[in-house]
Amino acid sequence: MPLPRTTADGHPIMFVQGNEACVQGAIAAGCRFFAGYPITPSSEIAEGMSRELPKIGGTFIQMEDEIASIAAIIGGSAAGAKSMTATSGPGFSLMQENIGYAYIVEIPIVIINVQRGGPSTGLPTKLSQSDTMQARWGTHGDYTAIAIAPSSIQEVYDMTIDAFNLAEKYSTPVILLMDELIGHMREKLILKHDCELELRERCLPEVPTEWYVPYKSQTNLVSHPAPFGMGYRYSVTGLIHDTTGFPTQISAEIKSNLESIRNKIITHRQDIWKWQEYYTEDMKYLIIAYGSAARAARDAIETMRAKRIKVGLIELKTIWPFPDNPIKKLAYHTKAVFVAENNMGQLIHPVREVLPERIDIIGVQRYDGRPLEPMEIIRAVKEEIYA
Amino acid sequence: MHKLPEVYDYLRWRKRFPTVWCSGCGIGSITGAIIRVVRSLGFDKDNVTLISGIGCSSRIPIYVDFNTLHTTHGRALPFATGVKLVNPEMNVIVVSGDGDALAIGGNHFIHAARRNIGVTLILVNNSIYGMTGGQVAPTTPIDAIAHTAPYGNIDPPFDAVQLALSSGATFVARSTVYHIIQTENYLKKAFQHKGFALVEIISQCPVLFGRLNKMPDPVDMIMSQKENAVNLVKAKKMTEEELKGKIITGIFREDNSKVEYTESYAHLIQRVQNQNEF
Ligand code: SF4
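Treat the numbers as computed from the prediction; the structure is a model and nothing was measured. (Residues numbered from 1 in each chain as written. Chains lettered and ligands numbered in written order. Predicted model: local features only at pLDDT ≥ 70, side-chain atom pairs only at ≥ 80, totals over all residues. Heavy atoms only, no water.)

Peer 1: Would you mind going over helix α4 (residues 76-86) of chain B with me for this structure?
Peer 2: Burial analysis of α4 of chain B places 10 of its 11 residues in the buried class, which makes it a mostly covered element. Taken residue by residue, α4 of chain B has Ala76, Leu77, Pro78, Phe79, Ala80, Thr81, Gly82, Val83, Lys84 and Leu85 of chain B as its buried positions. (Buried < 20%, exposed > 50% of the residue type's maximum accessible area, 1.4 Å probe, protein only. Helix = DSSP H or I, 4+ residues; strand = E, 2+ residues; numbered from the N terminus.)

See the structure below:
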């Protein structure tokens with residue numbers, strides 16, 4: 001029987017791919033400018049945006065490459081539109097320099113990375129989570145990144161909206177880390193009504209133009225440089241700058257510029273962090289995973305719980321800034337922690353950094369382009385128990 | 001009290017002066033020209049966005065009182081594309097050096113021209129990489145000396161005008177710093193042009209290109225612009241041999257028949273929305 005088109009309370013229901021859910025989320029979040037370049041497995045997002053944006057008066061452009069795409073959306077956001085691009089590994093690499101530009105000029109943008117296997121051209125049509133670290137350290141210099149990761153189609157929609165809200169709230173680039181499985185898999189999606197969406201809009205200055213200082217934090221340590229054309233003319237530069245936006249070489253100003261782009265995120269990390277716990281109350285063993293790996297982990301813990309193995313799961317929604325304290329607290333009484341991921345071991349590094357030495361930290365890693373299977377996780381846990 | 005000249009209204013002079021530029025450099029004259037033209041056209045400063053990449057000429061936005069975006073090396077045009085698409089009413093001007101626009105940003109140059117997006121690109125061509133200390137550029141003449149061409153340059157230079165023409169730019173002109181009045185006239189037309197406009201301005205870098213090529217005096221360099229400039233009309237009658245080392249100036253194309261990109265997109269939106277109504 002085909003699904004009804006709406007829920008009992010009138011919410012539209014769709015049966016769609018993750019990439020299509022991302023388009024729905026972006027439109028709902030108020031994205032009105034998209035610039036991108038085709039790349040597998042993210043192309044359906046560009047296709048969807050090219051179809052949807054003109055209907056609502058928004059603008060889509062296919063640029064000449066990924067470097068131009070990210071530059072265009074930073075320009076679009078500087079002109080006041082919520083802006084987004086979507087890509088995968090090789091394109092994400094090409095974007096890195098300008099992502100750094102967005103960090104330092106504090107212009108909000110959303111970057112969707114539907115991860116595939118790498119390095120280089122790698123595995124275009126297969127899944128991977130091997131950009132976990134690139135999302136944190138991809139561009140040169142010191143900065144603090146926000147990266148979030150969905151594990152279901154509904155979450156792709158919800159978290160694309162979250163990504164725009166975080167970008168506007170902290171005036172910074174936000175990376176949505178999907179992977180090929182999440183991008184191409186189909187599941188049920190329930191759309192929200194407009195009135196249910198809690199959207200964050202650009203924080204606009206209220207001072208007279210002659211008093212305006214673009215990089216003086218307006219609220220909560222965050223500065224929100226005004227969109228062009230409003231009468232607040234100021235300097236935007238990728239050079240380290242003072243609060244007025246002008247390049248500086250003065251030691252105190254350099255430090256304060258770098259610290260401000262870190263502190264605005266680190267200070268609010270409690271507000272940013274999201275994760276979901278399964279069976280953590282009495283667990284002796286803890287699995288940490290995100291995205292498609294977390295789906296396998298969910299299945300694995302159900303099987304193990306049925307056999308009375310006291311295993312729990314933390315499914316990370318926020319990857320960066322890394323939820324260090326929550327993990328430290330939850331893992332405190334465990335004997336071993338398993339980090340399940342589709343790569344050769346990336347998320348395992350911050351976990352190691354956080355946990356005391358007495359806890360065994362074991363990687364469950366798959367990097368042949370196939371999704372992790374619950375059995376692989378179960379096997380790893382059993383090996384540890386019976387070792 | 002002494003009244004300041006009007007140009008000061010357009011400069012961030014309280015905060016940013018003196019500039020980073022060497023004395024005798026052509027970039028100052030070009031900055032003055034941009035300001036005079038914007039002023040004479042009566043553009044509201046809030047409605048002008050000046051965008052640049054990296055290099056000596058790309059520092060112009062720091063000093064002028066418009067909306068300014070000093071971006072990454074070579075990428076000014078895609079940033080400008082984003083600004084223009086979101087705010088088609090904005091007067092978007094890009095300043096870019098020859099390295100910025102023709103080497104690292106070459107791909108963006110041809111695609112911005114192809115789309116005919118309503119942005120003016122002011123290409124400040126000084127035949128060398130100034131900011132990084134005098135390395136060879138994609139516009140350095142054959143046999144000229146640069147710090148990465150110590151035995152003379154063997155790479156044939158780009159002709160930005162020809163590149164723009166063949167890529168579909170709808171306004172293309174070239175002038176020099178010496179011919180500053182002519183430069184201003186071209187800029188005036190370019191800023192009013194609907195579609196992608198290139199104004200290449202041959203400039204002098206006495207400190208690096210001049211010093212390395214036996215012309216360290218800025219006056220000599222400016223005079224050589226005067227001597228070598230040949231107007232397009234006259235150039236047509238000259239042989240290739242006679243044109244060697246000459247700078248062909250003039251308006252190479254002014255085509256108002258092509259639709260500007262943001263206008264095309266506005267039409268597309270209309271078309272899509274009309275279809276959806278039925
Ligand atoms: S290095 Fe050359 S181009 Fe740069 S400011 Fe000095 S003279 Fe001008």
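Having seen the structure, we can now continue with the description.
Peer 1: Honestly, the domain arrangement of chain A in this entry has me stumped. Any pointers?
Peer 2: Interfaces are often sized by the amount of accessible area the parts lose when they come together. All names here are of chain A. Segmenting chain A into domains produces domain 1 (13-196) and domain 2 (276-385). Between domain 1 and domain 2, the C-alpha centre-to-centre distance is 26 Å. Between domain 1 and domain 2, the residue contacts involve 28 residues of the former and 24 residues of the latter. Taking both sides of the interface into account, the surface hidden between domain 1 and domain 2 amounts to around 2000 Å²; carbon and sulfur atoms contribute 56%. On the surface where domain 1 and domain 2 come into contact, there are 2 salt bridges. Of the charged contacts in the structure, one is a salt bridge between Arg295 and Glu187, with a shortest N-O distance of 2.5 Å. Connecting domain 1 to domain 2 are 19 residue pairs in polar contact (both at pLDDT 80 or more). Elements represented by at least two residues in the side of domain 1 that touches domain 2 include exactly β6 (123-127), α5 (134-137), β7 (146-148), α6 (153-170), β8 (173-179) and α7 (180-184). Of the residues belonging to the side of domain 1 that touches domain 2, the class tally is 15 nonpolar, 7 polar and 6 charged. (Domains from an automatic or database assignment. Contact = heavy atoms within 4.5 Å. Buried area = accessible area lost by both parts, 1.4 Å probe. Salt bridge = Lys/Arg side-chain N within 4 Å of Asp/Glu carboxyl O. Polar contact = N/O pair within 3.5 Å; in protein donor to acceptor, adjacent residues only side chain to side chain. Nonpolar A, V, L, I, M, F, W, Y, C, P; charged D, E, K, R; others polar.)

Peer 1: Could you clarify how one ought to interpret the nonpolar core in this entry?
Peer 2: In summary, soluble globular proteins display a tendency toward joint burial of nonpolar side chains. If you look at the biggest cluster of nonpolar residues, it comprises 90 residues, and the most contacted ones within it are Leu316 and Val337 of chain A together with Ile51, Phe109, Phe196 and Leu198 of chain B. When residues in this core are grouped by element, the largest group, 8 residues, is from helix α4 (residues 89-105) of chain A. Looking at which domains feed residues into this core, each of domain 1 (13-196) and domain 2 (276-385) of chain A supplies at least three. In contact with Leu198 of chain B, not counting residues within four places along its chain, are Phe109, Leu121, Leu123, Ala160, Val161, Ala164, Phe171, Val172 and Ala173 of chain B. (Core = buried A, V, L, I, M, F, W, Y, C linked by side-chain atoms within 4.5 Å.)

Peer 1: Even after reading the chapter, I still don't get the environment of Asp217 of chain B, so can you show me in this structure?
Peer 2: Residue and element names in this part refer to chain B. Along the chain, Asp217 turns up in the loop between α9 (206-212) and α10 (218-228). Asp217 sits 11 residues away from Pro206 along the chain, and the two C-alpha atoms are 6.3 Å apart. Among the polar contacts made by the side chain of Asp217, one reaches the main-chain amide nitrogen of Val219 at a distance of 2.9 Å.

Peer 1: Is there a simple way to think about the site of the ligand in this case?
Peer 2: Trp21, Cys22, Cys25, Cys56, Asn126, Gly130, Cys205, Pro206 and Leu208 of chain B make up every residue found near the ligand. Classifying every residue of the shell around the ligand by side-chain character gives 7 nonpolar, 2 polar and no charged. (Near = heavy atom within 4 Å.)

Peer 1: Looking at this model, I keep getting lost on the pairing of strand β2 (residues 67-70) of chain B. Mind explaining?
Peer 2: The two faces of a sheet get side chains in turn, since along a regular strand they alternate between them. Residues Asn67 and Leu69 of chain B of β2 of chain B are buried on one face, and the alternating residues Thr68 and His70 of chain B, pointing to the opposite face, are buried as well. Relative to β2 of chain B, strand β10 (residues 235-237) of chain A is paired through 3 bridges, and the arrangement is parallel. The residue of β2 of chain B that forms the bridge with Val236 of chain A is Leu69 of chain B. Pairing analysis gives 4 bridges linking strand β1 (residues 48-52) of chain B to β2 of chain B, with the strands arranged parallel. (Pairing = 2+ DSSP bridges.)

Peer 1: Quick question: what am I supposed to make of the interface of chain A and chain B here?
Peer 2: Opposite the 40 residues of chain A that make contact, chain B presents 38 residues. At the boundary of chain A with chain B, total buried surface from both sides reaches about 3300 Å², with 61% on carbon and sulfur atoms. The three residues of chain A that bury the most area against chain B are Glu64, Phe228 and Arg233 of chain A, which together make up 22% of that side's buried surface. Scanning the region where chain A abuts chain B turns up 3 salt bridges. Notably, a salt bridge pairs Asp46 of chain B with Arg233 of chain A, separated by 2.8 Å at the nearest N-O pair. Those elements that provide at least two residues to the side of chain A that touches chain B are β3 (59-62), α3 (66-78), α4 and β10 of chain A. Of all the elements, α3 of chain A adds the most residues to the side of chain A that touches chain B, at 7 residues.

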